[in-house]
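# Fold and contact review
The primary structure of each chain is shown beneath.
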Amino acid sequence: MLDINRMIELEEMAKKNNIIYPLTLDEWRYIERAQKIPYELAKDGIYSLGECCLPFEQIKCIYSLLTKCKFTEEELKQRLNDVYSIMEYYHEKYINFVKEQKRMVKRINNFSN
């Protein structure tokens, strides 16, 4: 299992098609998945799946991604999980940034009073 920071590095490598060797087998598989379905497309797929409320719509969305990217179901599941993990990481980072910003504003307000 790759850690989130390495996944982000591999995403950049795949996006720019600038692969820096040596890579482990897991890293190589990750890059292959990232090249088959880019981060933004996978992210859009996750949002589309989230908007589907009927199981038939979800299946239709999944098969649309499978045919677009020529993935197996297991590869698609892994890729969506990878991208979801990165999205959660960025979301958590953003939440922490906003919390810190609020604390700073509070301190400034307390200081000026």
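Residues numbered from 1 in each chain as written. Predicted model: local features only at pLDDT ≥ 70, side-chain atom pairs only at ≥ 80, totals over all residues. Heavy atoms only, no water.

## A closer look at the pattern of salt bridges
If charged atoms from side chains of opposite charge come close, those side chains can pair. Enumeration according to the criterion identifies seven salt bridges in this entry. Of the charged contacts in the structure, one is a salt bridge between Glu75 and Lys36, with a shortest N-O distance of 3.7 Å. Of the two residues, Glu75 sits in helix α5 (residues 73–112) while Lys36 sits in helix α2 (residues 25–36), which places them 39 residues apart along the sequence. Residue classification places Glu75 among the partly exposed residues on the basis of a relative accessible area of 27%. (Salt bridge = Lys/Arg side-chain N within 4 Å of Asp/Glu carboxyl O. Helix = DSSP H or I, 4+ residues; strand = E, 2+ residues; numbered from the N terminus. Buried < 20%, exposed > 50% of the residue type's maximum accessible area, 1.4 Å probe, protein only.)

## Some words on the nonpolar core
General note: in soluble globular proteins, nonpolar side chains tend to be found buried as a group. Counting residues in hydrophobic clusters, the biggest one holds 27 residues, and the most contacted among them are Leu10, Tyr30, Ile31, Ile37 and Leu76. Of all the secondary-structure elements, those providing two or more residues to this core are α1 (4–16), α2, α3 (39–51), α4 (55–69) and α5. (Core = buried A, V, L, I, M, F, W, Y, C linked by side-chain atoms within 4.5 Å.)

## Some thoughts on the packing of α3 against α4
Helix-helix packing is described using two parameters, namely the angle between the two axes and the distance between the axes. Between α3 and α4, whose axes approach to 9 Å, the crossing angle comes to 165°. Taken together, the axes of α3 and α4 are roughly antiparallel relative to one another. In terms of crossing hand, the pair formed by α3 and α4 is right-handed. Touching Leu41, Gly45, Ser48 and Leu49 of α3 are Gln58, Cys61, Ile62, Leu65, Lys68 and Cys69, all from α4. Here the contact of α3 with α4 is built from residues that sort into six nonpolar, three polar and one charged. (Axes fitted to C-alpha atoms, helices over the stretch in contact; angles between N-to-C directions. Parallel < 35°, antiparallel > 145°, perpendicular 65-115°, else oblique. Left-handed = near helix turned anticlockwise from the far one by under 90°. Contact = heavy atoms within 4.5 Å. Nonpolar A, V, L, I, M, F, W, Y, C, P; charged D, E, K, R; others polar.)

## Re the packing of α1 against α5
Orientation of α1 relative to α5, taken along the N-to-C sense of each, is 110°, at an axis distance of 10 Å. One way to sum up the angle between α1 and α5 is to call them roughly perpendicular. As α1 runs across α5, the sense of the crossing is left-handed. Note on element contacts: α5 touches α1 through Arg79, Asp82, Ser85, Ile86, Tyr89 and Tyr90, opposite Ile4, Asn5, Met7, Ile8 and Glu11. A per-class count over the contact of α1 with α5 returns six nonpolar, two polar and three charged.

## Re the layout of surface pockets
Within this model, the largest pocket holds a volume of roughly 260 Å³. Forming the walls of the largest pocket are Ile8, Glu11, Glu12, Ala14, Lys15, Ala34, Gln35, Pro38, Tyr39, Glu40, Ile86 and Tyr90. Elements represented by at least two residues in the lining of the largest pocket include exactly α1, α2, α3 and α5. It is α1 that provides the largest number of residues to the lining of the largest pocket, a total of five residues. (1 Å grid on protein atoms, 1.4 Å probe; cavity = no way out; pocket = protein on both sides within 12 Å on 5 of 7 lines; lining within 4 Å. Points joined across faces, edges and corners; volume = space filled by probe spheres on them.)

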